[in-house]
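Spelled out, the chains give:
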Amino acid sequence: MRTGNRIGVTAIAAAVLAGGDGPLRDAPVAWYEDDRRHVPEAPAERRVNVMRDGLEETLYRPLGRLVNPGRLIRRIGTIFGGDHVPRAANINALDEVPNSTWFTNRMGLFPMSPEQVARGPTRSAGPDRGAPLVVVSAKTEGVTPGFNVRDARGDVYVVKFDPRGFLGMTSAAGVITGRILHAAGYNVPEDFVIEFDRQDLLLADGVEFTDLAGVQRVMTDDDLDAILNAVDRLPDGRWLALASRFLEGTPIGPFSWTGRRKDDPNDRVPHEDRRELRGLRVLTSWLCHFDAKQGNTLDVYVEDAGARFVRHYLIDFASTLGAGAGIDGPFPTACFEYQFDFGASLGRVVTLGLREDPWRRVERPADLPAIGYFESTEFDPGAFKPLNPNTTFANVTDRDGYWAAKIVSAFTDEQLEAVVAEGRYRDAAAAAWIVRMLAARRDAVARHWFDRVPPLDYFNHDGGTVRFRDLGVERGIYSASGTRYRARVSATTPRRRTANETDWLELEATTVDLRALRPADPAQLPFAAVKVQVNRGRGWSRSTTAYMALASGRVVAVER
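Here we come to the overall build of the protein chain. The helix and strand inventory of the protein chain stands at 12 helices and 20 strands. Taken against the 2.2 N^0.38 rule, which gives 24 Å for 560 residues, the C-alpha radius of gyration of the protein chain at 25 Å falls within 12% of a compact globule. When the backbone C-alpha atoms are referred to their principal axes, the protein chain occupies close to 85 × 65 × 45 Å. When each of the 560 residues of the protein chain is scored for burial, the buried share is 53%. If you take every contact in the protein chain between residues at least 6 apart in sequence, the share linking residues at least 24 apart comes to 72%. Total accessible area computed for the protein chain in this model is approximately 24700 Å², and 52% of it derives from carbon and sulfur atoms. Each charge class in the protein chain was averaged separately, 72 positive and 75 negative side chains, and the resulting centres sit 6 Å apart.

Here it is, written out as structure tokens:
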């Protein structure tokens, strides 16, 4: 069982954002992106044409990527260690993502208790039940009906039900995934699993809604009863649902996975080049979040510390952990194939159906009706497919994948147990299943990306000794007994031209003694470069290089 918590970060300073391969500077590393500047007026609400968006992501953009000359040339370059796309545009000198309105560093950089992970973004235990929940609006269309309620504090919640026949499946998945993504660093709403009686609901006066006949009229208690009667109940006659608290601020529609919001002056990095959005593919594969579409994102115009700006959210996680929020519930091809997967279909035709698709071997546990198609045996982190192709996910480089896998691998078994408990599965065996699958898939994600980028990280310089950590060994992915390390040390100019490089030094531990560096002119060579590699029985890995400023002793850059 994975235990313990890991990282502490000292002296996080605001500085100018600089990428990992720019000139070396003896200065604090940038940990904050300057994207909270005051925007006097809310940007216009952005509306998405679902059909057009589906065509673009499924057909036009994949074809564009296929025939793009620059992408083709760069893909050939991957043979020699390059990337198929330019590197992420919003990383700092340590190859990390700074805090922004998109992302806040939590898991992986800072220690979090199981209780903190389980609490997520919530500031309460859910809707205040000191008085009846007042129904202020309702809907009858869609996969399942639902309504909005106002609690005793005046907070408004969207109340959503599980598809009929799958009680507790999507509501638990929605809460669990939201809390995990929050711990990973993303902005998400406050979601809760709630139970209630009919007497806990009070219909507000004059609530208008559109009935099943398409007629807009004032809602009655009979209409509310009809909504409730259309969904499953608990054995004791009460209802179970997911309650999602309205986000504070003014919603202005979903963000796009590509380009920028032109009427937001703080939105300066093309979204497909943001590492936290590229890396989200790794987390969605772990969580089987196949419905990561534009419609499940939301930009909100907020006010904080006297400034108004746009904050970017991920929302609606009901179709995760093998669950499906559609009318038919979960389906086995989720996370294995696109909704319209021409490649998979052609493959079946070419092989005459003789090759068995991996999703055909996936089954739901027969004795756990609250569990969908969520398993670890057939899980391949590199083969994950959302419902529709995603341009940003297609831009994931090995370094982006490693960054996200480092976060995924940081979740301990105790943290997973605590967060799964928030899903309030009625069967303890169902909760235990989800924990086991999350842990097994976590380790598969880590191994997939750590095999591509050696997980040598968190370099620290203290008194002439450089220490680093092997996250693969620390987190149980590789055996310590079969692992060896070596390093080379050199003096370096600000432009990373090296001199006096040592031979490879075999290391007995994850430490490097800078006394191996021959003296150099500090005016011309003010930095030291420590290049480290790891061998796990399959030859030496590619190098990870950390740069130290000799005058201050600080680590100023990391290259992978």
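Now that the structure has been shown, the text picks up again.
As a further point, take the sheet that holds strand β2 (residues 146-150). Pairing is mixed across the open sheet formed by six strands, whose spatial order is β4-β8-β3-β2-β1-β5. On the outer flanks of this sheet lie β4 (191-196) and β5 (201-203), each paired with one strand and no other. Each strand of the sheet is rotated relative to its neighbour by a mean of 40°, with strand direction disregarded. Relative to β4, helix α4 (residues 169-184) is tilted by about 150°, and along the sheet it contacts β4 and β8 (239-245). Along the sheet face, helix α5 (residues 221-229) touches β1 (133-139), β2, β4, β5 and β8 and points at about 120° away from the line of β2.

Mean pLDDT over the protein chain stands at 91; residues scoring 70 or higher make up 94%. Note that residues 4-18 has pLDDT below 50 and, in this model, 46 contacts with residues that lie over four places away or in other chains.

Between helix α10 (residues 413-421) and helix α11 (residues 428-450), the shortest axis-to-axis distance is 9 Å and the interhelical angle comes to 140°. The orientation of α10 relative to α11 falls into the category oblique. Crossing of α10 over α11 shows right-handed handedness. Residues Asp413, Leu416, Glu417 and Val420 of α10 pack against Ala431, Ile434, Val435, Leu438, Ala439 and Arg442 of α11. Residue classes in the contact of α10 with α11 are distributed as seven nonpolar, no polar and three charged.

Here we come to the pattern of salt bridges. Opposite charge on two side chains allows them to pair when their charged atoms are near. One pass over the structure, following the stated rule, counts 56 salt bridges. Across the pair Asp155 and Arg153 runs a salt bridge, and its minimum N-O distance is 3.2 Å. Classification of Asp155 by relative accessible area gives buried; the value is 18%. Linking Glu501 and Lys531 is a salt bridge whose minimum nitrogen-to-oxygen distance equals 3.8 Å. Separated by 30 residues along the polypeptide, Glu501 in the loop between β15 (498-499) and β16 (505-507) and Lys531 in strand β18 (residues 527-535) bring together distant segments of the chain. Three or more residues joined by partner-sharing salt bridges are found here, namely Asp95, Glu96, Asp273, Arg275, Arg278, Arg399, Asp400, Lys406, Asp457 and Arg560.

For Thr258, the location among the structural elements is in the loop between β9 (250-251) and α6 (275-278). Owing to a relative accessible area of 16%, Thr258 belongs among the buried residues under this scheme. With 177 residues separating them in the primary sequence, Thr258 and Val435 have C-alpha atoms 34 Å apart. The residues touching Thr258, leaving out its near neighbours within four places in the chain, are Arg61, His271, Glu272 and Thr391.

With that settled, consider α4. Given a rise of 1.5 Å per residue, 16 residues ought to cover 22 Å, and the 23 Å separating the end C-alpha atoms of α4 matches this to within 8%. Of all 16 residues that make up α4, 16 are buried, and the element is covered over most of its length. Phi turns positive, to about 130°, at Gly185, one or two residues after α4.

Before going further, it helps to examine a nonpolar patch on the surface. A surface patch of nonpolar side chains, amounting to about 850 Å² of accessible area, comprises Met51, Leu55, Leu59, Leu63, Leu66, Val67, Phe340 and Phe342. With six residues, helix α1 (residues 50-67) is the largest single contributor of residues to the nonpolar patch. Within the element layout of this structure, Leu66 appears in helix α1.

Next up on the list: the pairing of β2. With four of its five residues buried, β2 lies for the most part within the structure. Note that β1 and β2 share five bridges and pair antiparallel. In the strand pairing of β2, Ala138 is matched with Phe147. Taken together, the five bridges between β2 and strand β3 (residues 156-160) define a ladder with antiparallel strand orientation. Each bridged residue has a counterpart across the sheet, and for Val149 the counterpart in β3 is Tyr157. Hairpin connection, β2 to β3: the antiparallel pair is bridged by five residues, and Gly154 has positive phi, about 95°.

All right, on to the sheet that holds β9 then. Spatially, the three strands line up as an open sheet ordered β9-β10-β11, and their pairing is antiparallel. If you trace the sheet from one side to the other, it starts and ends with β9 and β11 (307-314), each paired once. The pairing of β9 with strand β10 (residues 297-304) spans two bridges and is antiparallel. Across the sheet, Thr250 pairs through a bridge with Tyr301, a residue of β10.

This next bit is on the pairing of β4. Successive residues of a regular strand alternate their side chains across the two faces of the sheet. Most of β4 is tucked away, with six of its six residues classed as buried. Here β4 runs beside β8; their pairing, made up of six bridges, is antiparallel. Counterpart to Phe196 in the pairing with β8 is Trp239.

Turning to the environment of Phe450, a few remarks are in order. Tracing the backbone through its elements, the reader meets Phe450 in helix α11. Overall, Phe450 belongs to the buried group, its relative accessible area being 3%. Separated by 51 residues in sequence, Phe450 and Arg399 have C-alpha atoms that sit 9.9 Å apart. Not counting the four nearest positions on each side in its chain, Phe450 is found in contact with Tyr402, Ala405, Lys406, Ser409, Pro455, Leu471, Gly472, Ile477 and Tyr478.

Reading the values: the criteria
Residues numbered from 1 in each chain as written. Predicted model: local features only at pLDDT ≥ 70, side-chain atom pairs only at ≥ 80, totals over all residues. Heavy atoms only, no water. Helix = DSSP H or I, 4+ residues; strand = E, 2+ residues; numbered from the N terminus. Rg over C-alpha atoms; globule rule 2.2 N^0.38 Å. Buried < 20%, exposed > 50% of the residue type's maximum accessible area, 1.4 Å probe, protein only. Contact = heavy atoms within 4.5 Å. Areas by Shrake-Rupley, 256 points an atom, 1.4 Å probe, with all protein chains shown as cover. Lys, Arg positive; Asp, Glu negative; His and termini not counted. Charge placed at Lys NZ, Arg CZ, Asp CG, Glu CD. Pairing = 2+ DSSP bridges. Axes fitted to C-alpha atoms, helices over the stretch in contact; angles between N-to-C directions. pLDDT = per-residue confidence, 0-100. Parallel < 35°, antiparallel > 145°, perpendicular 65-115°, else oblique. Left-handed = near helix turned anticlockwise from the far one by under 90°. Nonpolar A, V, L, I, M, F, W, Y, C, P; charged D, E, K, R; others polar. Salt bridge = Lys/Arg side-chain N within 4 Å of Asp/Glu carboxyl O. Expected span 1.5 Å × (residues − 1). Patch = residues over 30% accessible without salt bridge, like charges linked within 9 Å, V, L, I, M, F, W, Y side chains within 5 Å.

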